[in-house]
Amino acid sequence: MLGLVTTLNDAAPVELRELPEPQPQRNEVLVAVHAFSLNRGELRSVRNNGVGWVPGQDVAGVVLKQAEDGNGPPAGARVVALTDEFGWAQRVAVASHRMAVLPDTVGFAQAATLPVAGLTALRTLRHGAPLLGKRVLITGAAGGVGTLAVQLAARSGARVTAVVGRTQRAVGLRDLGAREVVEGIEQAQGRFGLILESAGGASLAHAVKLVEPKGTVVVYGNSSAESTALAFADFRGAPNSRVQSFSYFYSEAEDRFAPDLALLVSLIADGSLRPQIGAERSWREFTPVAEQLRDRRVAGKAVFLVD
Ligand SMILES: NC(=O)c1ccc[n+]([C@@H]2O[C@H](COP(=O)([O-])OP(=O)(O)OC[C@H]3O[C@@H](n4cnc5c(N)ncnc54)[C@H](OP(=O)(O)O)[C@@H]3O)[C@@H](O)[C@H]2O)c1
């Protein structure tokens, strides 16, 4: 089969190569991958994990073979799945508890946006529950996690302020449920019960000044790669607020992956979650799209079709 393999060549960081077929463990389902999405974090792991590695966490496709232990969906089921690696290939073996079945109305490209970004959006927002009536600030709102988080927060009754880096990035965010869109976190007014912060550096320092007493800043990324200095006095206006670190992978038990993926799929199916696919291309065109994502030129998610 074919798969995308890391090269450490900046001009073509991955290339299509012949690979051995996956050999599923007893608890693993064999999936024919139809689409996968690219996460900002994967841009880093492509660079850092050395030559000859097959990346890929977010896949959608069709089950070729049910897990030997009898768990998980049967052959022929359309699924979305979270893998640790090896997903950028024609076939991948995935643990049966890390997937959800797709109804016919949910496309492979839409579903492929969900695993890392959707679970991150859903689970970071849980730190602010209940969201009804709560002011929620979302940095990186035009990105993969951000466009999903804006919608999930708004649907849960939150009053969402979306932060973007420049005017063009604001397009469509109000339609997704943002009450206001600000260019730069410094423009946000008032205080917020929940802040989702992924830019880091000066953005995180400012976020701490915007949180409500007993509110929460969820720190789930550092896209700027800048560090932040914090002092006790920064929390003076918001006593007992907290800064909560977050990893989508470890935030909940392993057996919660399937139900959370199923929840996200059901929200797409009922029309209340609309994944924003800013780039949808053949996996043969990986490099230019990866550059667009790196340069903050993809609105929402970048999805690749395994054609
Ligand atoms: N902890 C976890 O479990 C977890 C899970 C998923 C993602 N993450 C992290 O969360 C962040 C967002 O992920 P994503 O997939 O949504 O990424 P993405 O699609 O690339 O979106 C990132 C957004 O951040 C904004 N941003 C602000 N400052 C930036 C900077 N200096 N460099 C790049 N972007 C900047 C950009 O918005 P503008 O262009 O409007 O400025 C962009 O829309 C990433 O850092 C990722 O590694 C963490």
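Look above for the structure.
Quick look at the structure, then. (Residues numbered from 1 in each chain as written. Predicted model: local features only at pLDDT ≥ 70, side-chain atom pairs only at ≥ 80, totals over all residues. Heavy atoms only, no water.)

## Concerning the overall build of the protein chain
Turning to step 1, where the next piece is worked out: Counting secondary structure elements, the protein chain contains 7 helices and 15 strands.
Turning to step 2, where the next piece is worked out: Relative to a compact globule of 307 residues, whose C-alpha radius of gyration would be 19 Å, the protein chain shows 19 Å and is just as compact.
Turning to step 3, where the next piece is worked out: In terms of overall dimensions, the protein chain has C-alpha extents of about 55 × 40 × 35 Å along its principal axes.
Turning to step 4, where the next piece is worked out: When the 307 residues of the protein chain are sorted by exposure, 52% land in the buried category.
Turning to step 5, where the next piece is worked out: Long-range pairs, those at least 24 residues apart, make up 67% of the contacts in the protein chain with a sequence separation of at least 6.
Turning to step 6, where the next piece is worked out: When the accessible surface of the protein chain is summed, it comes to about 13,400 Å², and 50% of that surface belongs to carbon and sulfur atoms.
Turning to step 7, where the next piece is worked out: In the protein chain, which carries 32 positive and 30 negative side-chain charges, the distance between the mean positions of the two groups comes to 7 Å. (Helix = DSSP H or I, 4+ residues; strand = E, 2+ residues; numbered from the N terminus. Rg over C-alpha atoms; globule rule 2.2 N^0.38 Å. Buried < 20%, exposed > 50% of the residue type's maximum accessible area, 1.4 Å probe, protein only. Contact = heavy atoms within 4.5 Å. Areas by Shrake-Rupley, 256 points an atom, 1.4 Å probe, with all protein chains shown as cover. Lys, Arg positive; Asp, Glu negative; His and termini not counted. Charge placed at Lys NZ, Arg CZ, Asp CG, Glu CD.)

## Here we look at the packing of aromatic side chains
Given two aromatic rings, their pairing is described by the distance between the two centres and the angle made by the two planes.
Turning to step 1, where the next piece is worked out: Using the criterion set out here, one finds 8 aromatic pairs in the structure.
Turning to step 2, where the next piece is worked out: Among the aromatic residues, those joined into a ring-pair cluster are F36, W88, W283, F286 and F304.
Turning to step 3, where the next piece is worked out: Of note, R78 hangs over the ring of F108, and the distance from its end group to the ring centre comes to 4.4 Å. (Phe/Tyr/Trp six-rings, centres within 6.5 Å; stacked < 30°, edge-to-face > 60°. Lys NZ or Arg CZ within 6 Å of the ring centre and 35° of its normal.)

## Brief notes about the pairing of strand β3 (residues 28-38)
Sheet faces and side chains relate simply in a regular strand, where the side chains alternate between the two faces.
Turning to step 1, where the next piece is worked out: Most of β3 sits inside the fold, with 10 of its 11 residues counted as buried.
Turning to step 2, where the next piece is worked out: Direction of pairing for β3 relative to strand β6 (residues 91-95): antiparallel, over a ladder of 5 bridges. Within the sheet, the bridge partner assigned to V29 lies in β6 and is V94.
Turning to step 3, where the next piece is worked out: Relative to strand β4 (residues 58-65), β3 runs antiparallel, the two being bridged by 7 bridges. Within the sheet, the bridge partner assigned to S37 lies in β4 and is D58.
Turning to step 4, where the next piece is worked out: As paired elements, β3 and strand β15 (residues 301-305) share 4 bridges and run antiparallel to each other. Among the inter-strand pairings, S37 is bridged to a residue of β15, identified as V303. (Pairing = 2+ DSSP bridges.)

## Let's talk about the site of the ligand
Turning to step 1, where the next piece is worked out: The environment of the ligand is formed by 25 residues, the closest being R40, G144, Y220, Y248 and R296.
Turning to step 2, where the next piece is worked out: R44 places a side-chain nitrogen or oxygen 2.8 Å from an oxygen atom of the ligand.
Turning to step 3, where the next piece is worked out: At 3.3 Å from an oxygen atom of the ligand is found a main-chain nitrogen or oxygen belonging to G143.
Turning to step 4, where the next piece is worked out: When the ligand sits alone it has 900 Å² of accessible area, and the protein chains cover 88% of it.
Turning to step 5, where the next piece is worked out: Of all the secondary-structure elements, those providing two or more residues to the shell around the ligand are α1 (40-48), α3 (114-125) and α4 (144-155).
Turning to step 6, where the next piece is worked out: Ranked by the residues each element gives to the shell around the ligand, the list is headed by α1, at 3 residues.
Turning to step 7, where the next piece is worked out: Looking at the shell around the ligand residue by residue, the class counts come to 9 nonpolar, 12 polar and 4 charged. (Near = heavy atom within 4 Å. Polar contact = N/O pair within 3.5 Å; in protein donor to acceptor, adjacent residues only side chain to side chain. Nonpolar A, V, L, I, M, F, W, Y, C, P; charged D, E, K, R; others polar.)

## Considerations on the pattern of salt bridges
Two side chains of opposite charge can pair, provided their charged atoms sit close to one another.
Turning to step 1, where the next piece is worked out: Taken as a whole and judged by the stated rule, the model has 16 salt bridges.
Turning to step 2, where the next piece is worked out: A salt bridge links E21 to R91; its shortest N-O distance comes to 2.7 Å. Here R91 lies in strand β6 and E21 lies in the loop between β2 (14-18) and β3, a separation of 70 residues in the sequence.
Turning to step 3, where the next piece is worked out: Judged by relative accessible area, which is 36%, E21 ranks as partly exposed. (Salt bridge = Lys/Arg side-chain N within 4 Å of Asp/Glu carboxyl O.)

## Overview of the nonpolar core
Turning to step 1, where the next piece is worked out: Counting 53 residues, the largest nonpolar core has L125, I138, V150, L152, L173, L196 and L273 as its most contacted members.
Turning to step 2, where the next piece is worked out: With 7 residues, the top contributor of residues to this core is α3.
Turning to step 3, where the next piece is worked out: The next biggest cluster of nonpolar side chains, apart from the first, holds 29 residues, and it includes V14, V29, A67 and V92. (Core = buried A, V, L, I, M, F, W, Y, C linked by side-chain atoms within 4.5 Å.)

## Observations concerning the sheet that holds strand β11 (residues 192-197)
Turning to step 1, where the next piece is worked out: Spatially, the 6 strands line up as an open sheet ordered β10-β9-β8-β11-β12-β13, and their pairing is parallel. Strands with a single pairing partner mark the edges of an open sheet, and in this sheet they are β10 (180-183) and β13 (242-245). Across the sheet, the mean angle separating the axes of adjacent strands is 20° when strand polarity is ignored.
Turning to step 2, where the next piece is worked out: Where strand β8 (residues 135-138) lies against strand β9 (residues 159-164), 4 bridges are found, and the strand directions are parallel. Within β9, the residue paired with L137 across the bridge is T161. (Axes fitted to C-alpha atoms, helices over the stretch in contact; angles between N-to-C directions.)

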